[in-house]
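Fold and geometry: a report
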Amino acid sequence: ASPPRTAMPPKKGPVELPPMLGRPKNNVSAGLVGLPNVGKSTTFNVLCGMQVPAENFPFCTIDPSVSRVQVPDERFEVLCEKYQPASKVPAWLTVTDIAGLVKNAHEGEGLGNAFLSHIRATDAIFHIVRVFEEKDTGVTHTEGHCDPVRDLEIIRGELRFKDIEMINKAIPDVEKEAKRDAKNKKTQEQLQTLQTALQWMQDGKDLRFAPEHFKWGYKEIDVLNELQLLTAKPAMYLVNMSQKDFLRQKNKHLVKVKEYVEKECPGEVLIPYSAEFEAAIAEMSPEERTAYIQEHKVKSMMPKIVTQGYHLLRLIHFFTAGADEVKCWTIRSPCKAPQAAGTIHTDFERGFIMAEVMHYTDWFEAGSEAAAKANGKYQQKGKEYIVQDGDIIYFKFNVTAEKKK
């Protein structure tokens, strides 16, 4: 008897990407945020020491308070070693130094509203909070004494108050529209989303934790993205210690800050570091630095801060590699192949035919492109392919393809 016929698997439809709070662009930046005198500018200056050389950005002037910091990636170094390219372009993270935020900034205290608009222009927030005492460093605290949990409450509160103000401004117009046309389902849903978000923040919670709680989808996220709210931005907590405390890896405030972040900001990253230590080793020669780090059994936390910040923004990169150039192309995950191709040139996306892909790990293990092909690890992917971090890609496209009207 002939074997029973099996049904053909259903044809795969388009892959739907999950909704994302914030602007889904590739050119994104992180802002250093905190009270005055917490070590923001020192931290920023150390990051500037990791800046990508200006020749990689022709025709581009950059503000002194903005730095493009190289993202450490061993894979990039190995590819450069292998191909010996004429041009090497690493991945980078754009970091902005935002001047100190003070209590009641949302009401215009200090340079409050200007600072808050600078934060709005960034895509993620690095909260810098100090746990060093005035007696250790001679740096006064604007709130009188060191209390990192209070400081975080002030900053998070200021951002939330500004968001509440934004939503309160947006609601009346939507309410008016909802009353005028009670059958307009879209407007009713928009109003419901704004009211739910408002109540959530009035209860003292940051907006970025709401989508998971309420199981929001595209329609709710799109409403909130219009407002570019501050507490919708992903956050990371950089706890700035004195050099003395960092070297002995002890500080009485650390446990309290850790417990606070775990309770109020679940799942977000906290990194203890010392701007004083980082600034000191940055001044040393490479030999002195290596000896000092080995002697004290500590290491710079800057590479970790940059790498964590990059992934916080849901950034990944794919590589193009050859004798002319090895380059990291930054994309926001998840990203389909045509949109990834568009980061190289809009024609690549418009006339996309396919992507020829091998993952870095497969290339590295095989030892060469030819060996990866022989192992069946060099594959042709279509427009629904989700690009993976570390893919090495060659795009095929047809430049004569007409742009869709």
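Keep in mind it's a predicted model, so treat the numbers as computed, not measured.

To continue, consider the pairing of strand 9 (residues 325-332). Counted residue by residue, strand 9 has 7 buried out of 8 residues, so it is predominantly covered. Pairing between strand 3 (residues 87-89) and strand 9: 3 bridges, direction parallel. By the bridge assignment for strand 9, S87 is matched with E325. With 7 bridges joining them, strand 8 (residues 315-321) and strand 9 adopt antiparallel strand pairing. In the strand pairing of strand 9, H317 is matched with T330.

Mapped onto the secondary structure, T193 falls in helix 6 (residues 185-202). A residue is classified by how much of its surface remains accessible, and T193, at 6% relative accessible area, is buried. Setting aside chain neighbours within four positions, we find T193 in contact with W216, E220, V223 and L224.

Next up on the list: the packing of helix 11 (residues 275-282) against helix 12 (residues 286-296). In the contact formed by helix 11 and helix 12, the axes pass within 9 Å of each other and the chain directions differ by 140°. Here helix 12 runs oblique to helix 11, going by the angle between their axes. Taking contact as the criterion, the partners of F277, I281 and A282 in helix 11 are, on helix 12, R289, Y292 and I293.

This next bit is on the packing of helix 5 (residues 148-180) against helix 10 (residues 254-264). Two elements in contact, helix 5 and helix 10, have axes separated by 9 Å at closest approach and are oriented at 35°. Side by side, helix 5 and helix 10 meet where P148, V149, L152, E153 and R156 of the first sit next to K256, V257, Y260, V261 and E264 of the second. By residue class, the composition of the contact of helix 5 with helix 10 is 6 nonpolar, no polar and 4 charged.

Any covalent bond linking the sulfur atoms of two cysteines counts as a disulfide. Considering all chains together, one arrives at 0 disulfides under this definition. Unpaired in this structure, C328 has its nearest cysteine sulfur neighbour in C80, at a distance of 7.7 Å. Classification of C328 by relative accessible area gives buried; the value is 4%.

This paragraph deals with the packing of aromatic side chains. Enumeration according to the criterion identifies 12 aromatic pairs in this entry. A ring pair is formed by Y360 and F364, whose centres lie 5.8 Å apart and whose planes are at 20°; its orientation type is stacked. Here Y360 pairs with F364, and both are found in helix 16 (residues 360-366), just 4 residues apart, close to one helical turn. A connected cluster of aromatic rings, assembled from ring pairs, spans Y83, F319, Y360, W363 and F364. Its end group placed over the ring of W200, K205 keeps NZ or CZ at 4.4 Å from the ring centre. Against the face of W329 rests K327, its NZ or CZ located 4.0 Å from the ring centre.

Here is what the cut-offs are and how they apply
Residues numbered from 1 in each chain as written. Predicted model: local features only at pLDDT ≥ 70, side-chain atom pairs only at ≥ 80, totals over all residues. Heavy atoms only, no water. Buried < 20%, exposed > 50% of the residue type's maximum accessible area, 1.4 Å probe, protein only. Helix = DSSP H or I, 4+ residues; strand = E, 2+ residues; numbered from the N terminus. Pairing = 2+ DSSP bridges. Contact = heavy atoms within 4.5 Å. Axes fitted to C-alpha atoms, helices over the stretch in contact; angles between N-to-C directions. Parallel < 35°, antiparallel > 145°, perpendicular 65-115°, else oblique. Nonpolar A, V, L, I, M, F, W, Y, C, P; charged D, E, K, R; others polar. Disulfide = S-S within 2.5 Å. Phe/Tyr/Trp six-rings, centres within 6.5 Å; stacked < 30°, edge-to-face > 60°. Lys NZ or Arg CZ within 6 Å of the ring centre and 35° of its normal.

In short, geometric facts, not functional conclusions.
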